[in-house]
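Structural description and commentary
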Amino acid sequence: MEEADYEVLSVREQLFHERVRECIISILLFATLYILCHIFLTRFKKPAEFTTVDDEDATVNKIALELCTFTLAVALGAVLLLPFSIISNEVLLSLPRNYYIQWLNGSLIHGLWNLVFLFSNLSLIFLMPFAYFFTESEGFAGSRKGVLGRVYETVVMLMLLTLLVLGMVWVASAIVDNNKASRESLYDFWEYYLPYLYSCISFLGVLLLLVCTPLGLARMFSVTGKLLVKPRLLEDLEEQLYCSAFEEAALTRRICNPTSCWLPLDMELLHRQVLALQTQRVLLEKRRKASAWQRNLGYPLAMLCLLVLTGLSVLIVAIHILELLIDEAAMPRGMQGASLGQVSFSKLGSFGAIIQVVLIFYLMVSSVVGFYSSPLFGGLRPRWHDTAMTQIIGNCVCLLVLSSALPVFSRTLGLTRFDLLGDFGRFNWLGNFYIVFLYNAAFAGLTTLCLVKTFTAAVRAELIRAFGLDRLPLPVSGFPRTSRKTQHQ
């Protein structure tokens, strides 16, 4: 009896130590993400909002910034969640009995998925609305001024918003699924209401990824072209430097002689334009000094990598569409227990797992590029040291919606065979064949359409500019038609 008691105590003690170790690892990982996100947000915040004469406004903005940092850390954790799980599985397969990676197990991975799901709910439903109402609040009329008065008003507004969202979800549940059991399940706030609400938010995030990712995949070529130095055949840096210096000299003369113009001048705007031109000229000088290897090899290799990654993504989605028609196992589903280290989730082994991770990161970057390139969300684009607090809150909410939908997005498109863990696999619409099939077909079609249109137009325009055909008085496709009067002049 005593030996059995000792065995039970030893098992409980071992389980306790494992839970403590997992908790410490999770805290260290989140603290690292929090510090990185705090450094990142401080580069975009507007310093005037944190050094105001009114200490109350500065305190409110600091609290809101910390909440935004927490939300952005959760978003970054959601992006790293699926790649970290895939790499962990391959590491456990390669080194199953290594002493130094015993901390890496299925319980830790499953706990991280649950924490990301919990913190995503907390940030989207409570923290970000609280941060927005907190920055906009002024306290109730007749109450004492101060941070506490703003907290009271924010809590009241948040309670009213919660009741409104709860009523909308109740009505939506009654319309979509007119079942007594489904309506009664909404009484359980924690177990059913939050996952159901997050399922709706995740579905909106997946739809947003469906629109932004193809647009971002097409925009990645032009964005990369602006960051890298193009070959001399495709770019004339001397002409760009001459034009930049000419515009800077013209603006400088207007600033030095403001009385020579009939119209009133906005001196602050002119100074900003001069600074922008000086920055552009410095960048052009750096690009002109680039080596021949960087100019003639870097740009073609980058374009080739983007083309290969994009084509590979479309090919995998096309194969997944065929698998959906043949095999029911290709449907995305949830997995309650994380059985890691048993089998590889790629037919190519570790090499295929690395390709999956690269594709997941590439599609996430493309979705962010497409999000900020779209006309609807282009105004949210943050500016260096000139982003208002409300704009930072909006960016954090949008990035969290995109990143928290990334695991579902990747599994729905068949980019990986890693099944969704925890509450991520409980979404009802994941089991609908028609939704999953149409989603894959729409992604493949939109991506192909955007690439064909953008890539062919970009190549045609670059070749026309390289050969100087845009300077000829001929009607060339892609350029404005020159009138006859201009041609005679």
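Residues numbered from 1 in each chain as written. Predicted model: local features only at pLDDT ≥ 70, side-chain atom pairs only at ≥ 80, totals over all residues. Heavy atoms only, no water.

1. Some points on the overall build of the protein chain
Formally: The secondary structure listing takes helices from DSSP runs of H or I that are at least 4 residues long and strands from runs of E that are at least 2 residues long, numbered from the N terminus. The rule is simple: take the accessible area with a 1.4 Å probe, protein chains only, and divide by the maximum for that residue type; under 20% is buried, over 50% is exposed, in between is partly exposed. Any pair of residues with heavy atoms lying within 4.5 Å of one another is described as a contacting pair. Computed with the Shrake-Rupley method and a 1.4 Å probe, the accessible areas treat only the protein chains shown as cover for residues.
On a plain count of helices and strands, the protein chain comes out with 14 helices and two strands. Looking at the protein chain as a whole, 40% of its 489 residues are labelled buried. A separation of at least 24 residues holds for 79% of the contacts in the protein chain among residues at least 6 apart in sequence. On the protein chain, roughly 28,100 Å² of surface is accessible, and the fraction owed to carbon and sulfur atoms is 67%.

2. Considering the packing of helix α2 (residues 55-94) against helix α11 (residues 389-404)
The following threshold applies: Think of each axis as a best-fit line through the C-alpha atoms, taken over the contacting stretch in the case of a helix, with angles from 0 to 180 degrees between the N-to-C directions. Every angle not falling under 35 degrees, over 145, or within 65 to 115 is termed oblique; those three ranges are roughly parallel, roughly antiparallel and roughly perpendicular. It is the rotation of the near helix from the far one that decides the hand of a crossing: anticlockwise by less than a right angle makes it left-handed, clockwise makes it right-handed. Gly is put with the polar residues, along with every residue not named as nonpolar or charged; the nonpolar set is Ala, Val, Leu, Ile, Met, Phe, Trp, Tyr, Cys and Pro, and the charged set is Asp, Glu, Lys and Arg.
Contact pair α2 / α11: the axes reach a minimum separation of 8 Å and the direction vectors enclose 20°. The angle between α2 and α11 falls in the class roughly parallel. As α2 packs across α11, the resulting crossing turns out to be left-handed. From α2, N61, A64, L65, C68, T71, L72, V74, A75, A78 and V79 reach across to α11, where they touch M389, I392, I393, C396, L399, L400, S403 and S404. Of the residues that constitute the contact of α2 with α11, the class distribution is 14 nonpolar, four polar and no charged.

3. A word on the nonpolar core
Where we set the bar: Only buried residues count toward a nonpolar core. Its members are Ala, Val, Leu, Ile, Met, Phe, Trp, Tyr and Cys residues joined through side-chain atoms within 4.5 Å.
C68, W113, M389, F409, F418, F424 and F443 are the most contacted members of the largest nonpolar core, which totals 86 residues. Among the elements that make up this core, the one with the highest residue count is α2 (16 residues). Those residues within four positions of F418 in sequence are excluded, and the remaining contacts are L82, S85, I86, W113, L340, F345 and R411.

4. Thoughts on the pattern of salt bridges
Opposite charge on two side chains permits pairing when their charged atoms draw close. Threshold: Salt bridges are counted wherever a side-chain nitrogen of Lys or Arg sits within 4 Å of a carboxyl oxygen of Asp or Glu.
Throughout the structure, instances matching the rule amount to one salt bridge. Salt-bridge contacts for R19 lead to E22; the nearest nitrogen and oxygen are separated by 3.8 Å. One end of the pair, R19, and the other, E22, are both in helix α1 (residues 2-42), three residues apart, so they sit about a helical turn from each other.

5. Focus: the packing of aromatic side chains
Applicable threshold: The rule is short: rings of Phe, Tyr and Trp, with Trp giving its six-membered ring, pair when the centres are within 6.5 Å, and they are stacked under 30 degrees, edge-to-face over 60, tilted in between.
Counted by the stated rule, this structure contains 14 aromatic pairs. Judged by centre distance (5.4 Å) and plane angle (25°), the ring pair of F130 and F134 falls under stacked. Here F134 and F130 lie together in helix α3 (residues 106-136), a separation of four residues that amounts to about one turn. Accessibility classification places F130 together with F134 in one group, the buried group. A ring pair is formed by F371 and F377, whose centres lie 4.5 Å apart and whose planes are at 25°; its orientation type is stacked.

6. Thoughts on the side chain of E153
We apply this condition: Counted as positive: Lys and Arg. Counted as negative: Asp and Glu, with His and the chain ends omitted from the count.
Looking at the element boundaries, E153 is found in helix α4 (residues 147-176). No salt bridge is formed by the buried E153; its nearest oppositely charged neighbour, R150, is found at 6.9 Å. With residues up to four places along the chain from it excluded, the contact list for E153 reads S137, E138, G139 and F140.

7. Considerations on the confidence of the model for the protein chain
Going by this rule: A score between 0 and 100, pLDDT records how confident the predictor is in each residue.
Averaged over the protein chain, the pLDDT score is 76; the fraction of residues at 70 or greater is 72%. Here helix α14 (residues 484-488) stands out as the element of the protein chain with the lowest mean pLDDT, 40, in contrast to helix α10 (residues 350-373), whose mean of 90 is the highest.

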